[in-house]
Each structure stands twice: as C-alpha cells, then as structure tokens.
Amino acid sequence: LKGLGVFEDTADAGDTYNYSPLEKGNAITSVSEQADISFIEKGPLRCTVRVGLVLSLPSGLTESRACRDSEKVRMPLVTDITLDAVSPLIRFRTLVKNTVKDHRLRVLFPTDIQAAFSRAETQFDLVEHPIKPPHYDEADISPALRRVMIGALEPEPRTTFAQQSFMEIHDGTKVFAVLNPVSYTHLRAHETV
C-alpha cells in the first residue's frame, strides 16, 4: 500500500457537528512537505520512527466565511510509527498543535480494495456505508416530510462518515482496518509538539 498516513487539510464553514466544505476550496496535503525523520527505537523486535512536519495553512476563514484567509500559520504535527516483529499492526500516534480555525484535518489511508461497503463503529451500532452511494432526487421526498425538513439535502450524497474507534473495508480476500481507540491518559502536561 502506498500513500498511507498523508495529512489533508480543507476549509470547514460548518458548525461543530457538520462539516461544510467551501465550493471552491482546495485541499492542502503533507505530500510535498519536508519531513524530519528520526528513529526513536530501532531493534530486532520493535522499530519506532518519528516523522515531524509543519503544515503552512490559512489561519481560518475570511469574515464572509466564503473563502480561506490569505494569512498563513504554521501547524506542527509529530507522528510516531511503530512496527512490532510479532504483530500485523502498524501503530500511528500523532500529536497535533492545532493553530488553525475553520478547518478539517484528516489522515488518509488509501487502499486498492474494491468493495461495495465500508463498516464503522458509531455511538450505538456497527454501521455499513456504501462506497458509492446512490444519487438521490429531492423530488422523491414526500410533501409531508419536506414541510418538516430544516435546510436542504446535500447536492451529492456524502461519502465521509463519523466513526468511534474503528472502520474497516474488505473484499472477501483482503481486509484493511483503522483502529483508533483514543486515550489521553498517556499524555503529560509537559509534552509539547
């Protein structure tokens, strides 16, 4: 697999719950950024590599919230990548010093798996989402339901979904999963990025 762990930053004009991308927003990625790479641990049973980078990002949205500000700020990220000799897992631990407003930062894990669905744990269930959701037409919504709807449907179905501690995709032969049990107990007050 190639391109795992790339950071992608996009503008977000939504509220604290809904992601609302700008119509003319460009994604900024870490692909061409110069990284500071060092070994934290290098042995026959475990290897940990530290990757430090700094993204130069717009400080936030303009007052109109229609585009990103031209002022750039530095946002540092440090990722420790650990491989254990007896484990099929690759562990990523990332610390981010968020210096930017009105944005969404994602880490990408592209695969070549051809599947119809992805599965993710949500707050109360394991949910299956289609990889390519069917197109919908607002004309299909009953007039009774349309009267109580607040706002409108998205112009195209979203393919980004909330998840709690894992998501997985498989094609019956290959499986790829991202497990992200978040624990802040290991962070100490003196740790900085």
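Refer to the structure printed above.
Quick caveat: nothing in here was measured; it's all calculated off a predicted structure.

A. Molecular detail of the pattern of salt bridges. Within this structure, the stated rule accounts for nine salt bridges. As a salt-bridge pair, R91 and D84 come within 4.0 Å of each other at their nearest N and O atoms. Residue R91 is classed as partly exposed on the basis of its relative accessible area of 45%. One salt-bridge network, held together by shared partners, links R46, D84 and R91.

B. Examining the sheet that holds strand β2 (residues 28-29) more closely. A sheet is described by the order of its strands in space; here three strands give the open sequence β2-β1-β7, paired in antiparallel fashion. Both outer strands of the open sheet, β2 and β7 (103-108), are each paired with one neighbouring strand and no more. Two strands pair when backbone bridges link them, and strand β1 (residues 6-11) and β7 are joined in this way by six bridges, in the antiparallel orientation. Bridging from a neighbouring strand, D9 pairs with L105 of β7.

C. Highlighting the environment of V49. Along the polypeptide, V49 turns up in strand β4 (residues 46-58). For the pair V49 and F92, spaced 43 residues apart in sequence, the C-alpha to C-alpha distance is 9.7 Å. Among all residues touching V49, those that are not within four sequence positions of it are I37, S38, F39, T79, D80 and I81.

D. View of the sheet that holds strand β8 (residues 117-121). Reading across the sheet, the four strands line up as β9-β8-β10-β11 and stay open at both edges, with antiparallel pairing between neighbours. The outermost strands of the open sheet, each flanked by one partner alone, are β9 (126-130) and β11 (175-179). Going from strand to strand, the sheet's axes swing by 20 degrees on average, the running direction of each strand aside. Here three bridges tie β8 to strand β10 (residues 166-170), and the two strands are oriented antiparallel to one another. When the sheet's bridge partners are listed, R119 is paired in β10 with E168.

Each value, and the rule that gives it
- Residues numbered from 1 in each chain as written.
- Predicted model: local features only at pLDDT ≥ 70, side-chain atom pairs only at ≥ 80, totals over all residues.
- Heavy atoms only, no water.
- Salt bridge = Lys/Arg side-chain N within 4 Å of Asp/Glu carboxyl O.
- Buried < 20%, exposed > 50% of the residue type's maximum accessible area, 1.4 Å probe, protein only.
- Pairing = 2+ DSSP bridges.
- Helix = DSSP H or I, 4+ residues; strand = E, 2+ residues; numbered from the N terminus.
- Contact = heavy atoms within 4.5 Å.
- Axes fitted to C-alpha atoms, helices over the stretch in contact; angles between N-to-C directions.

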